[in-house]
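Listed below, chain by chain, are the residues.
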Amino acid sequence: MSKQGNMRGRSSRNLKKESGFLPRAVYSSETAKYYIMATIIIFHILPLVLKLCGPIGQSLLNTNVRIYVNPMAVLAILLVYGIKLGFNVKMPLFVTFLSAASTIMYYTIEIDRELGILYYYFLSFGSCFIIYGIMAFMGVFFGSLIKRLKIF
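All of these numbers come straight from a predicted model, not from anything done at the bench.

Chemist: What is the right way to look at the overall build of the protein in this model?
Modeler: Looking only at helices and strands, the protein has six helices and zero strands in total. Sequence-ordered secondary structure for the protein, helices as α and strands as β, is α-α-α-α-α-α. When the 152 residues of the protein are sorted by exposure, 33% land in the buried category. Restricting to contacts in the protein with at least 6 residues of sequence separation, those with at least 24 account for 83%. A total accessible area of about 10,200 Å² is found for the protein, and carbon and sulfur atoms account for 69% of it.

Here it is in structure tokens:
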């Protein structure tokens, strides 16, 4: 009976979970608006400008921007987010959906109708979604790790 009495007598602050390995951030649109604007500029405004530049801009868009610039931009944007605010699951998911949506909008190529256009869109969107998602979570994870280690 005395053990149960001691269990009931404990305060709730002793049972609280200690802070985890990574500092966590609470997602709010107020703190995330600049990171979302940077993502929209990189993934929606830059491709639109390059598409308006004609065939040279389109080839640059399909090769260099899609393969090199976009994943590194996701990593850099969310690395800064992680350093400033800490780890959060909602922000990388939001940026991943926002960036993968640009795949269907801007990164289409002329394909043979026998291959199936729906198959191409699904494959392209799926692969970009996975790559951008991995880069987004890596950025937030390493950013919050840097914040925890107080390097910056």
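Next comes the rest of the description.
Chemist: What should I look at first to understand helix α5 (residues 90–106) in this one?
Modeler: The α-helix advances 3.6 residues per turn, and as a result positions three or four apart in sequence lie on the same side. The end-to-end C-alpha distance of α5 is 25 Å, a good match for the 24 Å that 17 residues give at a rise of 1.5 Å each. Residues of α5 that are buried: Met91, Pro92, Val95, Thr96, Leu98, Ser99, Ala100, Ser102, Thr103 and Tyr106.

Chemist: I keep staring at a nonpolar patch on the surface and nothing clicks. Help me out?
Modeler: A cluster of nonpolar side chains, Phe21, Ile130, Ile134, Met138, Phe141 and Phe142, forms an exposed patch at the surface whose accessible area comes to about 570 Å². Looking at the secondary structure, you find phenylalanine 142 in helix α6 (residues 117–149). Given the relative accessible area of 39%, phenylalanine 142 is considered partly exposed.

Chemist: Would you mind going over the packing of aromatic side chains with me for this structure?
Modeler: Two descriptors summarise a pair of aromatic rings, namely the distance from one centre to the other and the angle between the planes of the rings. In this structure the tally under the stated criterion is four aromatic pairs. Summarising the aromatic geometry, the rings of tyrosine 35 and tyrosine 81 are spaced 5.1 Å apart at their centres and angled 85° between planes, so their arrangement reads as edge-to-face. With a gap of 46 residues between them, tyrosine 35 in helix α3 (residues 29–52) and tyrosine 81 in helix α4 (residues 55–85) connect regions that are remote in the sequence. By relative accessible area, which is 0% here, tyrosine 81 ends up buried.

Chemist: Any chance you could explain the packing of α3 against α4 here in plain terms?
Modeler: In helix packing, the relevant descriptors are the interaxial angle and the interaxial distance, both defined with respect to the helix axes. Closest axis-to-axis distance for the α3/α4 pair is 10 Å, and the angle between their directions is 175°. Taken together, the axis directions place α3 and α4 in an arrangement best described as roughly antiparallel. Grouping the constituent residues of the contact of α3 with α4 by class yields 16 nonpolar, five polar and two charged.

Chemist: Please explain the environment of alanine 101 as it appears in this structure.
Modeler: By secondary structure assignment, the location of alanine 101 is in helix α5. Separated by 27 residues in the primary sequence, alanine 101 and cysteine 128 place their C-alpha atoms 9.1 Å from one another.

Chemist: I would appreciate a short explanation of the environment of isoleucine 67 in the present structure.
Modeler: By the secondary structure assignment, isoleucine 67 is in helix α4. For isoleucine 67, a relative accessible area of 52% translates into the label exposed. A sequence separation of 61 residues divides isoleucine 67 from cysteine 128, and the C-alpha atoms of the two residues are 9.6 Å apart.

Chemist: Help me understand the packing of α4 against α5 in this model?
Modeler: Following both chains from N to C, one finds α4 and α5 inclined at 170°, their axes separated by 11 Å at the closest point. One element, α4, and the other, α5, form an angle in the roughly antiparallel class. Each of Gln58, Leu61, Arg66, Val74, Leu78 and Tyr81 in α4 lies in contact with α5, whose residues at this interface are Met91, Pro92, Val95, Ser99, Thr103 and Tyr106. Across the contact of α4 with α5, the residue classes tally to eight nonpolar, three polar and one charged.

Here is what the cut-offs are and how they apply
- Residues numbered from 1 in each chain as written.
- Predicted model: local features only at pLDDT ≥ 70, side-chain atom pairs only at ≥ 80, totals over all residues.
- Heavy atoms only, no water.
- Helix = DSSP H or I, 4+ residues; strand = E, 2+ residues; numbered from the N terminus.
- Buried < 20%, exposed > 50% of the residue type's maximum accessible area, 1.4 Å probe, protein only.
- Contact = heavy atoms within 4.5 Å.
- Areas by Shrake-Rupley, 256 points an atom, 1.4 Å probe, with all protein chains shown as cover.
- Expected span 1.5 Å × (residues − 1).
- Patch = residues over 30% accessible without salt bridge, like charges linked within 9 Å, V, L, I, M, F, W, Y side chains within 5 Å.
- Salt bridge = Lys/Arg side-chain N within 4 Å of Asp/Glu carboxyl O.
- Phe/Tyr/Trp six-rings, centres within 6.5 Å; stacked < 30°, edge-to-face > 60°.
- Axes fitted to C-alpha atoms, helices over the stretch in contact; angles between N-to-C directions.
- Parallel < 35°, antiparallel > 145°, perpendicular 65-115°, else oblique.
- Nonpolar A, V, L, I, M, F, W, Y, C, P; charged D, E, K, R; others polar.

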